[in-house]
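# Structural description and commentary
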Amino acid sequence: MRQLFARLVRRLLLRPNLGGLVVGLLFWWRSLSPLLLPRSWIVQAMVGSLSLAVGYMLGTLIGYWVHSLLERLHRQPGPTLRRRVWIGFAAVSAAVVVVGSVMWPRWQNDHRKILTMGPTSSSGAVPMLLLTVFLTLVLAFGGRFVWAGVRWIDRRLSRYIPRSAAIAITAIVVVVAAQYIVIDVAGNGVHNWANSAFGVIEEDTIEGLDPPTSETVSGSPDSLVPWNLLGRQGRNFVTEATPADELQAFVGPDAAVVEPIRVYVGLRSADSAEERAAIAVRELERTGGFDRKVLAVWTVTGTGWVDPDAAVVLEQMYGGDTAIVSMQYSFLPSWISTLVDGPAAQEAGAELFDAVHERWAQLPESSRPKLVVFGLSLGSYGGEAAFAGNGARNSVANLVNRTDGALFVGPTNGNEVWSKITAARDSGSPEWQPVFDDGQDVRFANAPSELTDAATADWGPPRILYLQHPTDPVTFWSMDTMWSSPDWIDDPTGAGVAEQASWFPFVTFAQLVADLSAGFGAEPGFGHDYTNGYVAAWAAVLPPEGWTDQETSRLETFLDVPA
């Protein structure tokens, strides 16, 4: 055992491969460029080390192929040439590291300026380099350790069975072991941890939050959904309905206001999405939701969160004469819910809309409320599900025929309808702001300034709007960026995308993963923060009678919406 350990350590400490270092250095250099959002020195070190490690692996494979070719041609370089190449590489590497440590903070600050963010100190380059080296060594030693284990299995098998069979069995062992580690150990471990950790939070209630008494919201004494079954986010939602005095303050003392209706069905209220949707319809009937001017079917994010800014805007615009209905499908954060809950968001979105629409369609056409759908992020992924058809045109037709409008904000790259529309966009329109069918029914906006009265005069109704930022990694991250260049990175790029942004194999993918972690920390109007766009978006999709750009500005001022 001691000899085996000694041999393993010697193998792990072998001299690095020159081809691997050359390609790894190139990958590291490309990782320094900004993309959609600025990165901290810690995040940059993670992106840089991962890119360097992958580049090293690819370079090692290329170097092995070149070495084998030269060996066959009897053209192997001598010791003197090898020494000179190593010295030259060391000099080039030192220059690249020095230039990179100077350019990285400069590029980051140029990008931060575009996104109206304050500058970062150039001193962050030093800890970024040190952490990059440390993380790269960890990855390198881990990779060599795994490779040493694979070779050990291969050698042992080769003693007893033919070489071809040994290679096949070794490959099977590696695949099975990897699957076990990724799915059974890591996957189930994350799932169990998430259910345990967030399950405790789900049962918690914000301090000072009391059950509502109004019959117009779920969780009240008259509600079909008990307070304790609403879940943490549901309890927050039903108690945050816009108060009558705030509604009156905006519309004026002479205008009539009513208490907004908020219906919410928690995950533990029933065993299936179909049953929860049926409860939601009965709650709407109980509260009088089908008698309001506007009925909004709202698909939540992974935790069951309803964006309060978007909900308040709709209630203020209509003086509270609204009903918002939603139901929970998970209590996990969206990124975990996407991984472990699969199609739960789509099932919930489709079941809820179909159930509400069926009851709504039974009403006399003259007395039906305006039926709209809303979804933010993973909520938009689920909110589209009821309308996905065979191609973009059929999907849009479903939205037009079954709703009075739809607002999808910060769509994910996996949104089915969004993907179909984007792929079928009119020639010449960019992926970050597609034009479909000349904008007749569905439109895409990057900023509130694109949604003025003049800009929307020839549109619908009904109006289908996607509000998306060109710098939102939730919208533009995809696995495909690992090996192919996305259309959104082509010139011209959208507002806020870094000037240095360009595609590079794997590196762009790693940068986008890092940008995902920073998306929620961006300034309003960039990344995944849409708080400054809800007033203009709702005014474009479903404006009250007589609503103008001046009213939009007045409501933005009243709600202190960030510029």
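Here's a quick rundown of the structure.

How each quantity is defined
- Residues numbered from 1 in each chain as written.
- Predicted model: local features only at pLDDT ≥ 70, side-chain atom pairs only at ≥ 80, totals over all residues.
- Heavy atoms only, no water.
- Helix = DSSP H or I, 4+ residues; strand = E, 2+ residues; numbered from the N terminus.
- Buried < 20%, exposed > 50% of the residue type's maximum accessible area, 1.4 Å probe, protein only.
- Contact = heavy atoms within 4.5 Å.
- Areas by Shrake-Rupley, 256 points an atom, 1.4 Å probe, with all protein chains shown as cover.
- Phe/Tyr/Trp six-rings, centres within 6.5 Å; stacked < 30°, edge-to-face > 60°.
- Polar contact = N/O pair within 3.5 Å; in protein donor to acceptor, adjacent residues only side chain to side chain.
- Pairing = 2+ DSSP bridges.
- Axes fitted to C-alpha atoms, helices over the stretch in contact; angles between N-to-C directions.
- Salt bridge = Lys/Arg side-chain N within 4 Å of Asp/Glu carboxyl O.
- Core = buried A, V, L, I, M, F, W, Y, C linked by side-chain atoms within 4.5 Å.

## So, the overall build of the protein
When you go through the protein residue by residue, the secondary structure sums to 20 helices and seven strands. Taken over 563 residues, the protein has a buried fraction of 46%. Relative to all contacts within the protein whose residues are 6 or more apart in sequence, the contacts with residues 24 or more apart total 76%. Accessible area of the protein: about 27,100 Å², with a carbon and sulfur share of 60%.

## Re the packing of aromatic side chains
Counting across every chain of the model gives 16 aromatic pairs. When the ring of W298 is compared with that of W538, the centres are 6.2 Å apart and the planes differ by 40°; the resulting orientation is tilted. Pair noted here: W298 is in strand 2 (residues 294-299) and W538 is in helix 19 (residues 534-541), with a separation of 240 residues, a long-range link. Assessed through its relative accessible area of 1%, W298 is described here as buried.

## Considerations on helix 10 (residues 308-317)
Quick reminder: α-helices carry 3.6 residues per turn. Residues three or four places apart thus point the same way. Of all 10 residues in helix 10, seven are buried; the element is thus mostly enclosed. For helix 10, the complete set of buried residues consists of A310, A311, V313, L314, E315, Q316 and M317. The N-capping residue of helix 10, defined by a side-chain oxygen 3.0 Å from the backbone nitrogen of D309, is D307. Once helix 10 finishes, G319 follows within two positions and takes phi at roughly 60°, a positive value.

## Observations regarding the sheet that holds strand 7 (residues 463-467)
An order of 1-3-2-4-5-7-6 is seen for the seven strands of this open sheet, with the pairing classed as parallel. Both outer strands of the open sheet, strand 1 (261-265) and strand 6 (442-445), are each paired with one neighbouring strand and no more. The average undirected angle you get between the axes of adjacent strands in this sheet is 15°. Examined bridge by bridge, strand 5 (residues 405-409) and strand 7 share five bridges and lie parallel to one another. Bridge pairing in strand 7 links V409 to L467. Across the sheet, helix 7 (residues 231-239) touches strand 1 and strand 3 (322-327), and the angle it forms with strand 1 is around 170°.

## Structural notes on the pattern of salt bridges
Pairing between side chains of opposite charge can happen when the charged atoms of each approach one another. Inspection of every chain in the model, using the stated rule, returns 11 salt bridges. Here R425 and D487 are joined by a salt bridge, their closest N and O atoms 3.1 Å apart. With R425 in the loop between helix 15 (416-423) and strand 6 and D487 in the loop between helix 17 (473-476) and helix 18 (507-518), the pair connects residues that are 62 residues apart, well separated along the chain. Residue D487 is classed as partly exposed on the basis of its relative accessible area, which comes to 39%.

## Section: the pairing of strand 1
When you tally the buried positions in strand 1, you get five out of five residues, the bulk of the element. Residue alternation in strand 1 divides its side chains into two sets, I261, V263 and V265 and R262 and Y264, and both sets are buried. In terms of strand pairing, strand 1 meets strand 3 through five bridges, oriented parallel. Within the sheet, the bridge partner assigned to Y264 lies in strand 3 and is S326.

## What about the pairing of strand 3?
Taking burial as the measure, the six residues of strand 3 include six buried ones, the bulk of the element. In the sheet, strand 2 pairs with strand 3 via six bridges, with the strands oriented parallel. Residue T299 lies in a different strand from strand 3, and its bridge partner there is M327.

## Considerations on unusual backbone geometry
Backbone torsion omega between G460 and P461 reads -5°, so that peptide bond is classified as cis. Here the amide bond leading from P461 into P462 is cis, since omega sits at -5°, within 30 degrees of zero. Among the structural elements, P462 can be located in the loop between helix 16 (453-456) and strand 7. Phi is positive for T116, which is not a glycine, with a value near 55°. Positionally, T116 belongs in the loop between helix 4 (79-114) and helix 5 (125-158). One non-glycine residue with positive phi stands out, namely F506, at about 65°. Assessed through its relative accessible area of 12%, F506 is described here as buried.

## Details of the nonpolar core
Among the nonpolar cores identified, the biggest contains 91 residues, and W298, V325, V356, F374, I421, Y466 and W538 are the most heavily contacted of them. Setting aside anything within four residues of it in sequence, one finds I421 in contact with A392, V396, F436, V442, F444 and Y466. Of all hydrophobic cores here, the second largest spans 14 residues; its members include W432, F476, A501 and F526.

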